[in-house]
Amino acid sequence: MKKTCIIYGSTIGTTESVAGMIASKMGIEDNCVYNASDLTPDLINQFDALILGSSTWGDGELQDDWYDALKILAGMNLTGKCVALFGCGDSESYSDTFCDGMGIIHDDLKATGCKFCGSIPVDGYTFDNSKAVIDGKFIGVAIDDVNEDGKTEERIDEWIKTLCINN
């Protein structure tokens, strides 16, 4: 497995919990799991692969810790780095902006030269719209731990199988 870190932004703890679950399932050490507010170019340069996660807030907004972190990442040359995304959202109450935070990260990093991996089908999800859907697939794993917490582990397990990080 490539040298991998997980970077998350979490306000109430759900995304942090999902980051911990992903780390555990992938065998990523706790010292390679970071809050987005701690992101620096030196930190990013230590890793070959990045797993980035955010919740979505308000009217489809990125989680607060990501605003400065995303400026740092978007200003870097990430050529050759694998990037996988995960997002947390509420598909019932916010079905028109479900996991938009993940889509915002993707859009802001497209020009960095990174290689995205981990897109998954939207089958089995119930939502109206999401910036995290491209060509009929989520660009990462979308987690609704509010309404569909019984599907979280299975969705993560299936997503992990698609990651370029494992190569």
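Each value, and the rule that gives it
Residues numbered from 1 in each chain as written. Predicted model: local features only at pLDDT ≥ 70, side-chain atom pairs only at ≥ 80, totals over all residues. Heavy atoms only, no water. Salt bridge = Lys/Arg side-chain N within 4 Å of Asp/Glu carboxyl O. Helix = DSSP H or I, 4+ residues; strand = E, 2+ residues; numbered from the N terminus. Buried < 20%, exposed > 50% of the residue type's maximum accessible area, 1.4 Å probe, protein only. Contact = heavy atoms within 4.5 Å. Phe/Tyr/Trp six-rings, centres within 6.5 Å; stacked < 30°, edge-to-face > 60°. Lys NZ or Arg CZ within 6 Å of the ring centre and 35° of its normal. Pairing = 2+ DSSP bridges. Right-handed = clockwise from strand over helix to strand, strands pointing away.

Undergrad: Lay out the pattern of salt bridges with the relevant residues and their values.
TA: Opposite charge on two side chains makes pairing possible when the charged atoms of those side chains draw close. Enumeration according to the criterion identifies six salt bridges in this entry. Among the salt bridges present, the one from Lys25 reaches Glu153, with a minimum N-O distance of 3.0 Å. Of this pair, Lys25 sits in helix α1 (residues 14-26) while Glu153 is found in helix α5 (residues 152-160), placing the two residues 128 residues apart along the sequence. Here Lys25 falls in the partly exposed class, since its relative accessible area comes to 32%. Note that Lys161 and Glu158 form a salt bridge whose closest N and O atoms lie 3.0 Å from each other. Taking relative accessible area as the criterion, Lys161 reaches 62% and is therefore assigned exposed. Overall, Glu158 belongs to the partly exposed group, its relative accessible area being 42%. Each of Lys25, Glu153 and Asp157 takes part in one network of salt bridges that share partners.

Undergrad: I'd love a proper account of the environment of Met76, names of residues and values included.
TA: Here Met76 is to be found in the loop between α3 (66-74) and β5 (82-88). A sequence separation of 31 residues divides Met76 from Asn45, and the C-alpha atoms of the two residues are 9.6 Å apart. Those residues within four positions of Met76 in sequence are excluded, and the remaining contacts are Pro41, Ile44, Asn45 and Thr112.

Undergrad: Account for the packing of aromatic side chains, with residues named and values stated.
TA: Scanning the model with the defined rule gives seven aromatic pairs in all. Relative to Phe138, the ring of Phe98 lies with its centre 6.0 Å away and its plane at 80 degrees, an arrangement referred to as edge-to-face. One end of the pair, Phe98, is in the loop between β5 and α4 (100-109); the other, Phe138, is in strand β9 (residues 137-138), with 40 residues separating them in the sequence. Ring geometry for Phe127 against Phe138: centres 5.2 Å apart, planes inclined by 40 degrees, an arrangement best described as tilted. Linking Phe127 in the loop between β7 (120-121) and β8 (133-134) with Phe138 in strand β9, this pair joins segments that are eleven residues apart in sequence. Residue Phe138 is classed as buried on the basis of its relative accessible area, which comes to 0%. Geometry around Phe47 places Lys3 over its ring, the cationic atom sitting 5.3 Å from the centre.

Undergrad: Talk me through the pairing of strand β1 (residues 4-9); I want residue IDs and the actual numbers.
TA: Counting buried positions along β1 yields six of six residues, so the element is predominantly enclosed. The alternating pattern of β1 places Thr4, Ile6 and Tyr8 on one face and Cys5, Ile7 and Gly9 on the opposite face, and all of these are buried. Of the strand pairs in this sheet, β1 and strand β3 (residues 49-57) are connected by six bridges, and their pairing is parallel. Across the sheet, Thr4 pairs through a bridge with Ala49, a residue of β3. Here β1 runs beside strand β2 (residues 33-35); their pairing, made up of three bridges, is parallel. Its bridge partner being in β2, Tyr8 is matched across the sheet by Asn35. With α1 bridging β1 and its parallel neighbour β2, the resulting β-α-β unit is right-handed.

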